[in-house]
Number of protein chains: 2
Amino acid sequence: MRTSEMNVDNGVNVEALLGARDALTSAPEGARFKWRATCDWVGGTHSRSSVKGFFGLGEEQSHKTSFTFSTDHPEVFASEDHGATPVEYVLVGLAGCLTAGVASVAQNRKIQLHSVKATLEGSMDLQGILGIDSDVRNGFDDIRVVFDIDADASKEDIEAIVAQSQKRSAVFDIVTNPTNVSVEVR
Amino acid sequence: MRTSEMNVDNGVNVEALLGARDALTSAPEGARFKWRATCDWVGGTHSRSSVKGFFGLGEEQSHKTSFTFSTDHPEVFASEDHGATPVEYVLVGLAGCLTAGVASVAQNRKIQLHSVKATLEGSMDLQGILGIDSDVRNGFDDIRVVFDIDADASKEDIEAIVAQSQKRSAVFDIVTNPTNVSVEVR
(Lines give C-alpha, C1' and ligand atoms only; values in the text may rest on other atoms or scores of the structure.)
Protein backbone atom coordinates (compact mmCIF):
# COMPACT_ATOMS: atom_id res chain seq x y z
CA MET A 1 0.00 0.00 0.00
CA ARG A 2 2.93 2.36 0.62
CA THR A 3 3.75 4.57 -2.34
CA SER A 4 7.36 4.28 -3.41
CA GLU A 5 9.25 7.09 -1.72
CA MET A 6 10.61 8.09 -5.13
CA ASN A 7 7.10 8.89 -6.32
CA VAL A 8 5.81 10.84 -3.36
CA ASP A 9 4.21 14.00 -4.70
CA ASN A 10 2.10 16.20 -2.45
CA GLY A 11 2.59 19.15 -4.80
CA VAL A 12 5.07 20.89 -2.52
CA ASN A 13 8.43 21.92 -3.93
CA VAL A 14 10.53 21.02 -0.90
CA GLU A 15 13.80 21.43 -2.80
CA ALA A 16 12.95 25.08 -3.50
CA LEU A 17 12.03 25.63 0.17
CA LEU A 18 15.27 24.08 1.38
CA GLY A 19 17.12 26.21 -1.19
CA ALA A 20 15.37 29.32 0.14
CA ARG A 21 16.37 28.36 3.65
CA ASP A 22 20.00 28.12 2.58
CA ALA A 23 19.84 31.40 0.67
CA LEU A 24 18.16 33.29 3.53
CA THR A 25 20.55 31.86 6.10
CA SER A 26 23.35 33.75 4.38
CA ALA A 27 21.19 36.81 3.57
CA PRO A 28 18.77 37.08 6.49
CA GLU A 29 17.54 40.58 5.56
CA GLY A 30 15.70 38.91 2.67
CA ALA A 31 13.63 37.01 5.23
CA ARG A 32 11.98 40.23 6.48
CA PHE A 33 8.45 40.14 5.05
CA LYS A 34 5.55 42.55 5.38
CA TRP A 35 2.04 41.27 4.70
CA ARG A 36 -0.74 43.74 4.01
CA ALA A 37 -4.48 44.14 3.76
CA THR A 38 -6.65 47.17 3.11
CA CYS A 39 -10.23 47.33 4.31
CA ASP A 40 -13.07 49.60 3.18
CA TRP A 41 -16.23 49.98 5.19
CA VAL A 42 -19.30 49.24 3.05
CA GLY A 43 -22.04 49.95 5.59
CA GLY A 44 -23.25 48.61 8.90
CA THR A 45 -20.91 45.83 9.99
CA HIS A 46 -20.07 44.95 6.37
CA SER A 47 -16.55 45.68 5.10
CA ARG A 48 -14.57 44.61 2.09
CA SER A 49 -10.86 43.83 2.36
CA SER A 50 -8.27 43.37 -0.36
CA VAL A 51 -4.94 41.61 -0.35
CA LYS A 52 -2.44 41.98 -3.17
CA GLY A 53 1.01 43.44 -2.53
CA PHE A 54 3.52 42.38 0.06
CA PHE A 55 7.20 42.94 0.73
CA GLY A 56 9.87 40.27 0.91
CA LEU A 57 13.23 39.10 -0.46
CA GLY A 58 14.27 42.75 -0.27
CA GLU A 59 11.64 44.13 -2.65
CA GLU A 60 7.97 44.69 -3.34
CA GLN A 61 6.14 41.53 -4.34
CA SER A 62 2.63 40.87 -5.56
CA HIS A 63 0.09 38.10 -5.67
CA LYS A 64 -0.91 37.11 -9.21
CA THR A 65 -4.28 38.69 -8.57
CA SER A 66 -6.01 40.80 -5.93
CA PHE A 67 -8.01 38.72 -3.43
CA THR A 68 -11.09 40.40 -1.95
CA PHE A 69 -13.09 39.36 1.09
CA SER A 70 -16.33 40.50 2.67
CA THR A 71 -16.62 40.44 6.44
CA ASP A 72 -19.94 40.96 8.21
CA HIS A 73 -21.96 39.87 11.19
CA PRO A 74 -24.78 37.34 10.88
CA GLU A 75 -28.51 38.00 11.05
CA VAL A 76 -28.71 36.89 14.70
CA PHE A 77 -26.60 40.00 15.44
CA ALA A 78 -29.15 42.14 13.55
CA SER A 79 -26.70 42.38 10.62
CA GLU A 80 -27.02 41.38 6.98
CA ASP A 81 -24.61 38.44 6.77
CA HIS A 82 -22.80 39.63 3.64
CA GLY A 83 -19.73 37.60 4.58
CA ALA A 84 -18.11 35.38 7.17
CA THR A 85 -17.47 36.95 10.56
CA PRO A 86 -14.00 38.29 11.33
CA VAL A 87 -13.36 35.52 13.86
CA GLU A 88 -14.20 32.88 11.25
CA TYR A 89 -11.47 34.42 9.04
CA VAL A 90 -9.02 33.69 11.86
CA LEU A 91 -10.16 30.04 11.86
CA VAL A 92 -9.73 29.90 8.06
CA GLY A 93 -6.21 31.30 8.37
CA LEU A 94 -5.33 28.80 11.09
CA ALA A 95 -6.77 25.91 9.07
CA GLY A 96 -4.94 26.90 5.89
CA CYS A 97 -1.65 27.41 7.70
CA LEU A 98 -1.67 24.09 9.54
CA THR A 99 -2.82 22.20 6.42
CA ALA A 100 -0.12 23.73 4.19
CA GLY A 101 2.35 22.74 6.89
CA VAL A 102 1.08 19.16 6.91
CA ALA A 103 1.58 18.92 3.14
CA SER A 104 5.05 20.45 3.32
CA VAL A 105 6.27 18.31 6.21
CA ALA A 106 4.81 15.14 4.65
CA GLN A 107 6.63 15.91 1.41
CA ASN A 108 9.88 16.49 3.26
CA ARG A 109 9.41 13.14 5.04
CA LYS A 110 8.50 11.42 1.77
CA ILE A 111 5.02 10.47 2.93
CA GLN A 112 2.25 10.48 0.33
CA LEU A 113 -0.94 12.23 1.43
CA HIS A 114 -4.27 11.22 -0.07
CA SER A 115 -6.60 13.55 1.79
CA VAL A 116 -6.41 16.04 4.62
CA LYS A 117 -9.44 17.55 6.30
CA ALA A 118 -9.33 19.93 9.25
CA THR A 119 -12.38 20.74 11.35
CA LEU A 120 -12.08 23.79 13.58
CA GLU A 121 -14.27 25.12 16.34
CA GLY A 122 -13.61 28.23 18.41
CA SER A 123 -15.75 28.95 21.45
CA MET A 124 -16.55 32.45 22.55
CA ASP A 125 -18.66 33.94 25.30
CA LEU A 126 -20.36 37.03 23.87
CA GLN A 127 -20.63 38.52 27.34
CA GLY A 128 -17.15 39.89 26.55
CA ILE A 129 -17.78 41.87 23.37
CA LEU A 130 -21.25 42.92 24.54
CA GLY A 131 -19.72 44.41 27.67
CA ILE A 132 -21.91 42.37 30.03
CA ASP A 133 -19.04 40.96 32.08
CA SER A 134 -15.60 42.58 31.98
CA ASP A 135 -14.01 39.36 33.29
CA VAL A 136 -14.98 37.59 30.04
CA ARG A 137 -12.51 38.02 27.21
CA ASN A 138 -13.63 39.29 23.81
CA GLY A 139 -11.95 36.60 21.75
CA PHE A 140 -12.02 32.82 21.63
CA ASP A 141 -11.60 31.13 24.98
CA ASP A 142 -10.53 27.94 23.21
CA ILE A 143 -9.97 26.60 19.68
CA ARG A 144 -10.11 22.91 18.76
CA VAL A 145 -8.61 21.59 15.54
CA VAL A 146 -9.26 18.00 14.47
CA PHE A 147 -7.44 16.50 11.49
CA ASP A 148 -8.66 13.55 9.43
CA ILE A 149 -5.73 12.47 7.30
CA ASP A 150 -5.46 9.64 4.81
CA ALA A 151 -1.79 9.00 4.04
CA ASP A 152 0.65 6.19 3.40
CA ALA A 153 1.89 6.32 6.97
CA SER A 154 1.16 5.05 10.46
CA LYS A 155 -1.04 7.00 12.86
CA GLU A 156 2.12 7.80 14.79
CA ASP A 157 3.89 9.21 11.74
CA ILE A 158 0.81 11.26 10.85
CA GLU A 159 0.65 12.67 14.37
CA ALA A 160 4.32 13.59 14.12
CA ILE A 161 3.68 15.45 10.86
CA VAL A 162 0.84 17.42 12.43
CA ALA A 163 2.99 18.23 15.47
CA GLN A 164 5.79 19.53 13.25
CA SER A 165 3.32 21.62 11.25
CA GLN A 166 2.11 23.24 14.49
CA LYS A 167 5.68 23.93 15.52
CA ARG A 168 6.37 25.91 12.33
CA SER A 169 2.95 27.48 11.78
CA ALA A 170 2.80 31.27 11.59
CA VAL A 171 -0.92 31.49 12.40
CA PHE A 172 -0.72 28.94 15.22
CA ASP A 173 1.96 31.17 16.76
CA ILE A 174 -0.07 34.37 16.20
CA VAL A 175 -3.12 32.87 17.90
CA THR A 176 -1.42 31.10 20.78
CA ASN A 177 1.07 33.85 21.65
CA PRO A 178 0.61 37.58 22.17
CA THR A 179 1.34 39.84 19.20
CA ASN A 180 1.69 43.59 19.42
CA VAL A 181 -0.92 45.51 17.42
CA SER A 182 -0.71 49.31 17.16
CA VAL A 183 -3.80 51.15 15.94
CA GLU A 184 -3.69 54.78 14.88
CA VAL A 185 -5.97 57.30 13.21
CA ARG A 186 -4.43 59.32 10.39
CA MET B 1 -21.69 70.14 8.37
CA ARG B 2 -22.77 67.97 11.29
CA THR B 3 -25.57 65.58 10.42
CA SER B 4 -28.53 65.94 12.74
CA GLU B 5 -28.14 63.32 15.44
CA MET B 6 -31.66 62.14 14.66
CA ASN B 7 -30.62 61.19 11.15
CA VAL B 8 -27.38 59.36 11.93
CA ASP B 9 -27.46 56.08 10.06
CA ASN B 10 -24.34 53.94 9.77
CA GLY B 11 -26.44 50.88 9.01
CA VAL B 12 -25.95 49.35 12.45
CA ASN B 13 -29.02 48.36 14.45
CA VAL B 14 -27.78 49.52 17.84
CA GLU B 15 -31.19 49.11 19.46
CA ALA B 16 -31.15 45.41 18.60
CA LEU B 17 -27.63 45.04 19.98
CA LEU B 18 -28.55 46.78 23.23
CA GLY B 19 -31.65 44.57 23.40
CA ALA B 20 -29.46 41.50 22.92
CA ARG B 21 -27.19 42.69 25.70
CA ASP B 22 -30.16 43.00 28.04
CA ALA B 23 -31.54 39.60 27.02
CA LEU B 24 -28.17 37.83 27.41
CA THR B 25 -27.50 39.50 30.75
CA SER B 26 -30.44 37.60 32.18
CA ALA B 27 -29.78 34.43 30.14
CA PRO B 28 -25.96 34.26 29.85
CA GLU B 29 -25.92 30.68 28.54
CA GLY B 30 -27.27 32.10 25.24
CA ALA B 31 -24.04 34.07 24.90
CA ARG B 32 -21.98 30.89 24.49
CA PHE B 33 -21.11 30.76 20.78
CA LYS B 34 -19.09 28.29 18.75
CA TRP B 35 -17.66 29.41 15.40
CA ARG B 36 -16.54 26.81 12.89
CA ALA B 37 -14.58 26.25 9.71
CA THR B 38 -13.74 23.13 7.76
CA CYS B 39 -10.70 22.92 5.54
CA ASP B 40 -9.92 20.49 2.72
CA TRP B 41 -6.44 20.14 1.31
CA VAL B 42 -6.46 20.64 -2.47
CA GLY B 43 -2.77 19.99 -3.21
CA GLY B 44 0.59 21.52 -2.39
CA THR B 45 0.02 24.44 -0.02
CA HIS B 46 -3.44 25.11 -1.46
CA SER B 47 -6.47 24.42 0.73
CA ARG B 48 -10.12 25.34 0.56
CA SER B 49 -12.05 26.26 3.70
CA SER B 50 -15.78 26.64 4.22
CA VAL B 51 -17.76 28.51 6.83
CA LYS B 52 -21.47 28.04 7.27
CA GLY B 53 -22.91 26.76 10.56
CA PHE B 54 -22.26 28.06 14.04
CA PHE B 55 -23.81 27.66 17.46
CA GLY B 56 -25.30 30.43 19.57
CA LEU B 57 -28.37 31.62 21.44
CA GLY B 58 -28.71 28.03 22.63
CA GLU B 59 -29.10 26.41 19.23
CA GLU B 60 -27.54 25.68 15.87
CA GLN B 61 -27.41 28.71 13.59
CA SER B 62 -26.39 29.17 9.97
CA HIS B 63 -25.11 31.85 7.67
CA LYS B 64 -27.47 32.57 4.75
CA THR B 65 -24.94 30.93 2.48
CA SER B 66 -21.71 28.94 2.70
CA PHE B 67 -18.60 31.09 2.37
CA THR B 68 -15.56 29.41 0.81
CA PHE B 69 -11.96 30.56 0.87
CA SER B 70 -8.77 29.41 -0.81
CA THR B 71 -5.53 29.72 1.10
CA ASP B 72 -2.16 29.20 -0.55
CA HIS B 73 1.42 30.42 -0.57
CA PRO B 74 2.72 32.84 -3.21
CA GLU B 75 5.01 32.08 -6.13
CA VAL B 76 8.07 33.39 -4.27
CA PHE B 77 7.57 30.41 -1.92
CA ALA B 78 7.56 28.07 -4.94
CA SER B 79 3.78 27.73 -4.61
CA GLU B 80 0.95 28.48 -7.02
CA ASP B 81 -0.72 31.47 -5.35
CA HIS B 82 -4.27 30.15 -5.60
CA GLY B 83 -5.35 32.34 -2.68
CA ALA B 84 -4.23 34.76 -0.01
CA THR B 85 -1.78 33.43 2.54
CA PRO B 86 -3.09 32.25 5.91
CA VAL B 87 -1.49 35.20 7.71
CA GLU B 88 -3.23 37.64 5.36
CA TYR B 89 -6.54 36.05 6.43
CA VAL B 90 -5.69 37.03 10.00
CA LEU B 91 -5.16 40.64 8.83
CA VAL B 92 -8.50 40.56 7.00
CA GLY B 93 -10.23 39.30 10.14
CA LEU B 94 -8.60 42.00 12.25
CA ALA B 95 -9.51 44.70 9.73
CA GLY B 96 -13.13 43.58 9.47
CA CYS B 97 -13.54 43.28 13.22
CA LEU B 98 -12.14 46.72 14.06
CA THR B 99 -14.08 48.36 11.21
CA ALA B 100 -17.40 46.78 12.23
CA GLY B 101 -16.66 48.02 15.73
CA VAL B 102 -16.01 51.56 14.48
CA ALA B 103 -19.40 51.57 12.71
CA SER B 104 -21.20 50.18 15.75
CA VAL B 105 -19.61 52.54 18.27
CA ALA B 106 -20.15 55.55 15.98
CA GLN B 107 -23.82 54.64 15.65
CA ASN B 108 -24.16 54.30 19.41
CA ARG B 109 -22.55 57.73 19.83
CA LYS B 110 -24.76 59.22 17.09
CA ILE B 111 -21.84 60.13 14.85
CA GLN B 112 -22.36 59.83 11.12
CA LEU B 113 -19.56 58.06 9.23
CA HIS B 114 -18.90 58.87 5.59
CA SER B 115 -15.96 56.58 4.91
CA VAL B 116 -13.67 54.27 6.86
CA LYS B 117 -10.52 52.77 5.43
CA ALA B 118 -8.10 50.59 7.36
CA THR B 119 -4.59 49.81 6.13
CA LEU B 120 -2.84 46.92 7.85
CA GLU B 121 0.72 45.70 7.74
CA GLY B 122 2.12 42.75 9.64
CA SER B 123 5.86 42.18 9.70
CA MET B 124 7.34 38.73 9.90
CA ASP B 125 10.84 37.34 9.84
CA LEU B 126 10.77 34.12 7.83
CA GLN B 127 13.80 32.84 9.71
CA GLY B 128 11.20 31.54 12.17
CA ILE B 129 9.04 29.36 9.94
CA LEU B 130 12.01 28.26 7.86
CA GLY B 131 13.75 27.01 11.00
CA ILE B 132 16.86 29.13 10.44
CA ASP B 133 16.84 30.76 13.88
CA SER B 134 14.84 29.26 16.72
CA ASP B 135 14.86 32.60 18.56
CA VAL B 136 12.72 34.14 15.79
CA ARG B 137 9.01 33.60 16.23
CA ASN B 138 6.91 32.08 13.44
CA GLY B 139 4.17 34.69 13.47
CA PHE B 140 3.99 38.45 13.10
CA ASP B 141 6.44 40.36 15.25
CA ASP B 142 4.27 43.46 14.92
CA ILE B 143 1.02 44.58 13.26
CA ARG B 144 0.23 48.19 12.38
CA VAL B 145 -3.31 49.35 11.66
CA VAL B 146 -3.93 52.86 10.30
CA PHE B 147 -7.46 54.22 9.98
CA ASP B 148 -8.53 56.98 7.63
CA ILE B 149 -12.01 58.03 8.71
CA ASP B 150 -14.27 60.72 7.33
CA ALA B 151 -17.05 61.42 9.83
CA ASP B 152 -19.05 64.28 11.27
CA ALA B 153 -16.84 64.39 14.34
CA SER B 154 -13.62 65.86 15.69
CA LYS B 155 -10.32 63.99 15.38
CA GLU B 156 -10.53 63.44 19.12
CA ASP B 157 -14.01 61.87 18.90
CA ILE B 158 -12.90 59.67 16.01
CA GLU B 159 -9.88 58.49 17.99
CA ALA B 160 -12.17 57.67 20.90
CA ILE B 161 -14.41 55.59 18.62
CA VAL B 162 -11.43 53.62 17.34
CA ALA B 163 -10.15 53.08 20.88
CA GLN B 164 -13.53 51.75 21.98
CA SER B 165 -13.69 49.45 18.95
CA GLN B 166 -10.28 48.00 19.92
CA LYS B 167 -11.49 47.51 23.47
CA ARG B 168 -14.43 45.35 22.33
CA SER B 169 -12.86 43.62 19.33
CA ALA B 170 -12.79 39.83 19.33
CA VAL B 171 -9.98 39.53 16.77
CA PHE B 172 -7.87 42.27 18.40
CA ASP B 173 -8.10 40.23 21.61
CA ILE B 174 -7.28 36.95 19.83
CA VAL B 175 -4.17 38.43 18.22
CA THR B 176 -2.87 40.45 21.16
CA ASN B 177 -3.49 37.83 23.87
CA PRO B 178 -2.69 34.13 24.01
CA THR B 179 -5.46 31.72 23.05
CA ASN B 180 -5.35 28.00 23.71
CA VAL B 181 -5.41 25.86 20.55
CA SER B 182 -5.63 22.07 20.81
CA VAL B 183 -4.77 20.05 17.71
CA GLU B 184 -5.60 16.37 17.42
CA VAL B 185 -5.55 13.69 14.77
CA ARG B 186 -8.66 11.53 14.53
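Residues numbered from 1 in each chain as written. Chains lettered and ligands numbered in written order. Predicted model: local features only at pLDDT ≥ 70, side-chain atom pairs only at ≥ 80, totals over all residues. Heavy atoms only, no water.

**Considering the relation of the copies chain B and chain A**
Just so we agree on the cut-off: Overlaid copies result from least-squares superposition on C-alpha atoms, with residues included only where pLDDT is at least 70 in both.
With an RMSD of 0.0 Å, the operation that places chain B on chain A is a rotation of 180° combined with a shift of 0.0 Å along the axis. The superposition operator between the copies reduces to a two-fold rotation axis.

**Things to note about the interface of chain B and chain A**
The accessible area lost on association of the parts is a frequent measure of interface size. What counts here: Residue contacts are counted whenever heavy atoms from the two residues lie within 4.5 Å of one another. Note: buried area is the sum, over both parts, of the accessible area (probe 1.4 Å) each one loses when the two are combined. Only one rule defines a salt bridge in this text: a Lys or Arg side-chain nitrogen within 4 Å of an Asp or Glu carboxyl oxygen. Identification of polar contacts relies on pairs of N or O atoms within 3.5 Å, with a donor-acceptor requirement for protein atoms, meaning one able to donate a hydrogen and the other able to accept it, and with residues adjacent in sequence counted only if both atoms are side-chain atoms.
Across the boundary between the two partners, chain B contributes 121 residues, which contact 121 residues of chain A. Counting each side, the surface lost to burial between chain B and chain A is near 11100 Å², with a carbon and sulfur contribution of 61%. The largest contributions to the chain B side of the interface with chain A come from W35, W41 and V185 of chain B, which together make up 8% of the buried area. Salt-bridge contacts for D173 of chain B lead to R137 of chain A; the nearest nitrogen and oxygen are separated by 2.9 Å. Where chain B meets chain A, there are 62 residue pairs in polar contact (both at pLDDT 80 or more).

**Things to note about the pairing of strand β1 (residues 32-43) of chain A**
Heads up, the rule is: A pair of strands is treated as paired once DSSP finds two or more bridges between them. Only DSSP runs of H or I with at least four residues qualify as helices, and only runs of E with at least two residues qualify as strands; both kinds are numbered from the N terminus onward.
Pairing between β1 of chain A and strand β4 (residues 113-125) of chain B: nine bridges, direction antiparallel. Each residue of the ladder has a partner; that of F33 of chain A, found in β4 of chain B, is M124 of chain B. Bridging between β1 of chain A and strand β2 (residues 46-56) of chain A involves seven bridges; their strand directions are antiparallel. Residue pairing across strands places C39 of chain A opposite S49 of chain A, the latter belonging to β2 of chain A. With antiparallel pairing between neighbouring strands as the criterion, β1 of chain A and β2 of chain A make up a hairpin whose turn holds two residues, including G44 of chain A at a positive phi of roughly 60°.

**A closer look at the environment of T68 of chain A**
Residues and elements named next belong to chain A. Inspection of the secondary structure assignment puts T68 in strand β3 (residues 59-71). For the pair T68 and W35, spaced 33 residues apart in the sequence, the C-alpha separation amounts to 15 Å. What T68 contacts, discounting residues up to four positions off in sequence, is S49 and S50.

**Overview of the pairing of strand β4 (residues 113-125) of chain A**
Summarising the sheet, β4 of chain A and strand β5 (residues 142-151) of chain A pair through 10 bridges and their orientation is antiparallel. When the bridges of β5 of chain A are listed, L113 of chain A appears paired with A151 of chain A.

**Focus on the side chain of S47 of chain A**
Stated precisely, the cut-off is as follows: Three labels apply to residues, based on accessible area from a 1.4 Å probe with only protein chains included: buried if under 20% of the type maximum, exposed if over 50%, partly exposed otherwise in between.
If you trace the backbone, S47 of chain A turns up in strand β2. A relative accessible area of 0% means that S47 of chain A is categorised as buried. Once residues within four sequence positions are removed from consideration, S47 of chain A is found in contact with C39, D40, W41, V42, F69, S70 and T71 of chain A together with T99 of chain B.

**Comments concerning the side chain of Q112 of chain A**
All names here are of chain A. Counting through the fold element by element, Q112 comes out in the loop between α2 (86-108) and β4. Accessibility expressed as a relative area gives 12% for Q112, which makes it buried. There is a polar contact of 2.7 Å between the side chain of Q112 and the backbone nitrogen of D9.

**Comments concerning helix α3 (residues 155-167) of chain B**
Rules: An expected span of 1.5 Å times one less than the residue number is assigned to each helix.
Between the first and last C-alpha of α3 of chain B there are 18 Å, a value that for 13 residues agrees with the 18 Å anticipated at 1.5 Å per step. Of all the positions in α3 of chain B, only I158, I161, V162, Q164, S165 and Q166 of chain B are classed as buried. Buried-residue contacts for α3 of chain B involve β6 (181-185) of chain A together with α2 (86-108), β5 (142-151) and α4 (170-176) of chain B.

**Here we look at unusual backbone geometry**
Of note, A78 of chain A is a non-glycine position whose phi angle comes to about 60°, a positive value. With respect to the element layout, A78 of chain A can be found in the loop between β3 and α2.

**A word on the sheet that holds β5 of chain A**
To summarise the sheet geometry, strands pair through backbone hydrogen bonds and adopt either a parallel or an antiparallel arrangement. How we decide: Angular values range over 0 to 180 degrees, each being the angle between N-to-C directions of two axes fitted as lines to C-alpha atoms, with helices fitted over their stretch in contact.
Here six strands make up an open sheet; going across it, the order is β3(B)-β2(B)-β1(B)-β4(A)-β5(A)-β6(B) and the pairing mixed. Looking at which strands have only one partner, the edges of the open sheet turn out to be β3 (59-71) and β6 (181-185) of chain B. Strand-to-strand twist in this sheet, taken as the mean axis angle between neighbours without regard to direction, amounts to 15°. As paired strands, β5 of chain A and β6 of chain B are joined by five bridges and run parallel to one another.

**What about the packing of aromatic side chains?**
Test applied: Two rings from Phe, Tyr or Trp (for Trp, the six-membered ring) form a pair when their centres sit within 6.5 Å of each other. Planes less than 30 degrees apart are called stacked, planes more than 60 degrees apart edge-to-face, and all others tilted.
This structure, assessed with the given rule, holds 16 aromatic pairs over all chains. On the basis of an interplanar angle of 80° and a centroid distance of 6.0 Å, the ring pair of F69 of chain A and Y89 of chain A is categorised as edge-to-face. One end of the pair, F69 of chain A, is in strand β3; the other, Y89 of chain A, is in helix α2, and 20 residues separate them in sequence. With respect to class, F69 of chain A is no different from Y89 of chain A; both count as buried. Arranged with centres 6.4 Å apart and planes meeting at 45°, the rings of F69 of chain A and F69 of chain B form a pair that is tilted. Of this pair, F69 of chain A sits in strand β3 while F69 of chain B sits in strand β3, each in a different chain.

**A few points about the sheet that holds β5 of chain B**
Strand order in the open sheet formed by six strands is β3(A)-β2(A)-β1(A)-β4(B)-β5(B)-β6(A), with mixed pairing between adjacent strands. Two strands close off the open sheet at either side, each with one partner strand: β3 and β6 of chain A. If you compare each strand with its neighbour and ignore which way they point, the axes differ by 15° on average. Across the sheet, α2 of chain B lies against β1, β2, β3 and β6 of chain A together with β4 and β5 of chain B, angled at about 35° from β1 of chain A, the strand it touches most.

**Comments concerning the pattern of salt bridges**
Within this structure, the stated rule accounts for 20 salt bridges over all chains. The partner of D40 of chain B in a salt bridge is K117 of chain A, with the nearest N and O atoms 3.3 Å apart. One end of the pair, D40 of chain B, is in strand β1 (residues 32-43); the other, K117 of chain A, is in strand β4, on a second chain. For D40 of chain B, a relative accessible area of 34% corresponds to the partly exposed category.

By themselves, these observations are geometric and do not establish any function.
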